[in-house]
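As a plain string of letters, each chain reads:
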Amino acid sequence: MRGRGEKRINKLSKKIKPLSHLYEISKAISSSLDLKKVLELTLDKCLDSLESEAGSIFLLDEEGKELILKTVRGPKEVSLHDVKQRLGEGISGLVASNGKPLLVTDIENDPHFRKKRSDVLDMYETASFLCVPLVTTNQLVGVINITEKRSRKPYTRNDLEFLAALASHASLAIEKAQLYEQVRKFNEVLSDEVRTATEELKRRNEELFSLKEYNENIISSIGDGIVVIDKNWVIHTWNTGMERQFKIGEGEAKGKNILELLPEWEKAGLKEPIAMSLESGRLSEIERVRYKRKKGKLQTFKVKFSPLYDSQRKNTGAVIAITDISEKVELEKQLEISKRMASIGKLAAGVAHELNNPLDGAIRFANLTLDHTEEGDMRREYLLGAKEGLTRMAKIVASLLTFARQTNPTLELTDVNRVIDDALLFTEERIRCQDIKVVKELDKQLTPIMAGELQQVFVNLINNAFDAMPKGGTLKISTLRVNEKEGKFVKIIFEDTGHGIPIDIKDNIFDPFFTTKEVGKGVGLGLAICYGIIERYNGMIEVESNPGEGSTFIVKLPVTERNSDKEQNSG
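Note that the structure is predicted; figures quoted are calculated from it, not measured.

Quick notes on the rules
- Residues numbered from 1 in each chain as written.
- Predicted model: local features only at pLDDT ≥ 70, side-chain atom pairs only at ≥ 80, totals over all residues.
- Heavy atoms only, no water.
- Phe/Tyr/Trp six-rings, centres within 6.5 Å; stacked < 30°, edge-to-face > 60°.
- Buried < 20%, exposed > 50% of the residue type's maximum accessible area, 1.4 Å probe, protein only.
- Helix = DSSP H or I, 4+ residues; strand = E, 2+ residues; numbered from the N terminus.
- Lys NZ or Arg CZ within 6 Å of the ring centre and 35° of its normal.
- Salt bridge = Lys/Arg side-chain N within 4 Å of Asp/Glu carboxyl O.
- Pairing = 2+ DSSP bridges.
- Axes fitted to C-alpha atoms, helices over the stretch in contact; angles between N-to-C directions.
- Contact = heavy atoms within 4.5 Å.
- Patch = residues over 30% accessible without salt bridge, like charges linked within 9 Å, V, L, I, M, F, W, Y side chains within 5 Å.
- Areas by Shrake-Rupley, 256 points an atom, 1.4 Å probe, with all protein chains shown as cover.
- Core = buried A, V, L, I, M, F, W, Y, C linked by side-chain atoms within 4.5 Å.
- Arc of directions from axis to C-beta.
- Polar contact = N/O pair within 3.5 Å; in protein donor to acceptor, adjacent residues only side chain to side chain.

Colleague: Mind showing me how you'd approach the packing of aromatic side chains here?
Modeller: Given two aromatic rings, their pairing is described by the distance between the two centres and the angle made by the two planes. Here the structure, examined in full by the defined rule, presents two aromatic pairs. Look at W238 and F246: their rings are 6.3 Å apart centre to centre, the planes differ by 55°, and that puts the pair in the tilted class. W238 gets classed as buried once you look at its relative accessible area, which sits at 3%. Residues F458 and F494 carry aromatic rings whose centres are separated by 5.6 Å and whose planes lie at 50° to one another, so their mutual orientation is tilted. Of the two residues, F458 is situated in helix 15 (residues 454–467) and F494 in strand 16 (residues 487–496); the sequence distance between them amounts to 36 residues. If you follow R313 out to its NZ or CZ, it ends over the ring of Y309, 4.0 Å from the centre. Of note, K556 hangs over the ring of F489, and the distance from its end group to the ring centre comes to 5.0 Å.

Colleague: Before we go on, may I ask you to explain the pattern of salt bridges in this structure?
Modeller: Should their charged atoms come close, side chains of opposite charge can pair. This model, assessed by the stated rule, comprises 15 salt bridges. Two residues, E188 and R184, come together in a salt bridge whose shortest N-O distance is 2.4 Å. Residue E188 and its partner R184 are both found in helix 5 (residues 157–221); the two are separated by four residues, about one turn of the helix. Between R203 and E207 there is a salt bridge whose closest N-O contact spans 2.4 Å. Of the two residues, R203 and E207 both sit in helix 5, four residues apart, roughly one turn of that helix. A cluster of three or more residues bridged by salt bridges with shared partners is formed by E200, R203, R204 and E207.

Colleague: Help me out: how do you make sense of the pairing of strand 7 (residues 225–230) in this one?
Modeller: Along any regular strand, the residues point their side chains to alternate faces of the sheet. Counting buried positions along strand 7 yields six of six residues, so the element is predominantly enclosed. Going residue by residue along strand 7, you find G225, V227 and I229 tucked away on one face and I226, V228 and D230 tucked away on the opposite face as well. As judged from the six bridges shared by strand 7 and strand 11 (residues 315–324), these two strands associate in the antiparallel manner. Considered in strand 11, the bridge of I229 is made with A318. Relative to strand 8 (residues 235–238), strand 7 runs antiparallel, the two sharing three bridges. Within strand 8, the residue paired with V227 across the bridge is W238. Linking strand 7 back to strand 8 in an antiparallel pair, the connection comprises four residues, with W233 at a positive phi of about 70°.

Colleague: Explain the sheet that holds strand 6 (residues 139–149) here, please?
Modeller: In sheet architecture, strand pairing relies on hydrogen bonds along the backbone and comes in two forms, parallel and antiparallel. Strands sit in the order 3-2-1-6-5-4 across an open sheet of six strands; the sheet is antiparallel. Of all the strands in the sheet, just strand 3 (84–86) and strand 4 (102–104) have a single pairing partner and so form its edges. Pairwise comparison of adjacent strand axes, ignoring direction, gives a mean angle of 20° for this sheet. On top of the sheet, helix 2 (residues 35–49) reaches strand 1 (52–60), strand 2 (66–73) and strand 6; it is set at about 145° to strand 1, its chief contact. In this fold helix 3 (residues 90–98) packs onto strand 1, strand 2, strand 3, strand 4, strand 5 (129–136) and strand 6, with an angle of close to 35° to the strand it touches most, strand 5.

Colleague: I keep staring at the sheet that holds strand 17 (residues 540–545) and nothing clicks. Help me out?
Modeller: If you walk across this open sheet you meet the five strands as 13-15-16-18-17, and the pairing is mixed. For this open sheet the edge positions go to strand 13 (436–441) and strand 17, each flanked by a neighbour on one side alone. Averaged over all pairs of adjacent strands, the angle between strand axes in this sheet comes to 15°, irrespective of strand direction. In this structure, strand 15 (residues 473–484) lies alongside strand 16, joined through ten bridges in antiparallel fashion.

Colleague: Could you clarify how one ought to interpret a nonpolar patch on the surface in this entry?
Modeller: Judged by side-chain polarity, F186, L190 and V194 come together as a nonpolar surface patch covering roughly 270 Å² of accessible area. Inspection of the secondary structure puts F186 in helix 5.

Colleague: Honestly, the nonpolar core in this entry has me stumped. Any pointers?
Modeller: A general tendency of soluble globular proteins is for nonpolar side chains to be buried together. Residues V416, L454, F458, I492, F494 and F553 are the most contacted members of the largest nonpolar core, which totals 41 residues. Where this core is concerned, the elements lending two or more residues are helix 13 (416–426), strand 14 (449–451), helix 15, strand 15, strand 16, helix 17 (526–536), strand 17 and strand 18 (551–558). Sorting elements by how many residues they give to this core places helix 15 first, with eight residues. Here V416 is in contact with L446, I449, L454, F458, T479, V490 and I492, once residues within four sequence places are set aside. Counting 28 residues, the second-largest nonpolar core is a separate cluster that includes C46, I57, L130 and L134.

Colleague: Please clarify how helix 13 should be interpreted in this entry.
Modeller: Turn by turn, an α-helix covers 3.6 residues, leaving residues three or four places apart pointing in a common direction. Every buried residue of helix 13 is accounted for by V416, N417, V419, I420, A423 and L424. Seen end-on, helix 13 carries its buried residues on one side only, within an arc spanning 160°. Turned more than 90 degrees away from the buried face of helix 13 sit L425 and F426, all of them exposed. The N-capping residue of helix 13, defined by a side-chain oxygen 3.1 Å from the backbone nitrogen of N417, is D415.

Colleague: Would you take a moment to explain unusual backbone geometry for this structure?
Modeller: Peptide bonds are mostly trans, and most non-glycine residues show a negative phi. Even without being a glycine, R313 presents a positive backbone phi close to 60°. Residues other than glycine seldom take positive phi values, yet N538 does so here, at roughly 60°. Relative to the helices and strands, N538 is located in the loop between helix 17 and strand 17.

Colleague: Where do I start with helix 10 (residues 271–279) in this structure?
Modeller: Inspection of helix 10 places P273, I274, A275, S277 and L278 among the buried residues, and these make up the whole buried set. Following helix 10 by one or two positions, G281 has its phi on the positive side, about 70°.

Okay, structure coming up:
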C-alpha cells in the first residue's frame, strides 16, 4: 500500500510541477507592460522550459493581413528579423488562419511539407518543431514557434500542450502590452498635439496681448479724451486724455457709471446723445459744450458720440471723444473782440475828432461868459450847469480818443508792483469809505516788463472791483511770474468778493459801450480801454466769474528777452 501511495504522490508531483512552473512563467510575463520586453521574456521562458535553442514570435499587423516577426532566438536571429508572412501561407500563416496548434515530429515525413520538401530543408534545421497561435477571446494576436530541441529528440504532445497553455497566458500579456503601447503612442501624439495647440494658443495670446497693448497705447496717446462705456453706462476705457482733462485717474474711473462720476455731464445736456448712441446706434456731435467742473473754471468742449459694435455688428456700448476747445474758443473770442474794437475804434476816433473842437469852443465860450456874469445871477447857474455837462462830454470824448488810439504804445521798463501801489493810492478814498480790505501778495522778485500805460488799466480794474462790493468786501491783488508753453509771463490777478458777473453778459464785458451801470455812471469804455492797452503790449486779459461768487480778472504780460537781459544785468 505504501508503495502505491508513493507512486501516486510522485505522479501528482510531476503534474503539479509543470503547472507551478507555468504559473511562475505567467507571473513573470505579466509583470511588464513593455511590449518588447514581454515578447523577449515570453520567448526566453518558452525556450528554457522546453529546453530548446531557437524560436520566434510573429504578431498580427494592425490591418489583420500579415504576420510580422517581432522576436527571434537562434542562429538566424539577425537574418530573419522583420520577416513578414501572409495569413494562410506557410506554417505560421496556416496556424494563424485556422487557430490550431501544430506539432511536427518529423519534417521529412510530415504531410504539411511533402510538396516543398527542398524549401523546407533550407528553412528549418530541425526535424521537429512546435507552432502555437496566440489568441485572446477568439482574437488572433500572433504565432509562437519553438525549434531546435537541445536533445535533438522530437517534441511531444505534452510539449505542445505546455506551450499552448503558456501561449494562452502570453497572449493576454502581449495584448495588454499592445494596448498599453497604443495608449502610450496615443498619449504621445495627444501630448504633441496639446503641446502644439498650447504653443499656438500662447502665441496667439501673445499676439492678442500685443495687439491689445498696441491699441491701448494708441488710445492712451491720443490727445483728446476717449471714454468707452457699455450698455449699462459703465466705464471700461478711460485714456490719459480724460485723466488730464478731468483730473480723474483710470483706476478711479473704470467700473463707475459715467453720469455718477461726472454728474455735470447731465446738466450740460450730454445724457440724451449718449443714450441715442447706446440705444439706436446713431452718430452725433455737439460742437460746443460749456460747463464748469468741480473746483475748476468754465471750459468749452467738443464732444462726439459713436456706437461701439462687436464682431457680429451688435451694439455693445458707446465711444465718447472729448476735445477741450476752451483755448480755441477764447482765441476766437479775443479775435472777435479785436475786430469789433478795431471797427468801433475807427468810428469812435472819427466821432471824437468831430466833437472835440466844438466842445472845446463851447467850454471856452462858457468860461468867458462866466467871467462876465455876476454872482447871484440866475444865468450864472445855468452856465455852470451847461459847463458841467460840457465837461462830462469832454471826458467821454477823451475816453473815445484813448480807446481809439492808433499810435504805437509807450514802451518803458516798468515795475508792475510799484504801478499797483500807485493805483491803490488813487483809490484809497473809496477803500476807506466802502470798508474794503485790500490784500496784496506781490512777488518781490518780479521781473520788470516793457510797458507804459498800466496804471490806467489797474485803476480801472480796482474801481470795477469796488463797484461790485458796494457794502464792503475783500480785494486780493497778486503778482507772479509763470512759464507757459507760449513763453514767460508776468501775471497780475485782481480777485474780489463781489456779486460776480451774470453768465449771459460775461462774454460782452469787454465790448465798447457795454455797461450795466446806471445812466450817468459810465459809458462802458473802461474795460474796453483796458483790453486795448493790454492787447497793444501783446498781453491778455481774462475774467473768471460766477454770480454770487465774486470775479477774478487776470492780466498776463509777456516777459521779453530784453526784459530778462535787464534783469540779469541789474542782478
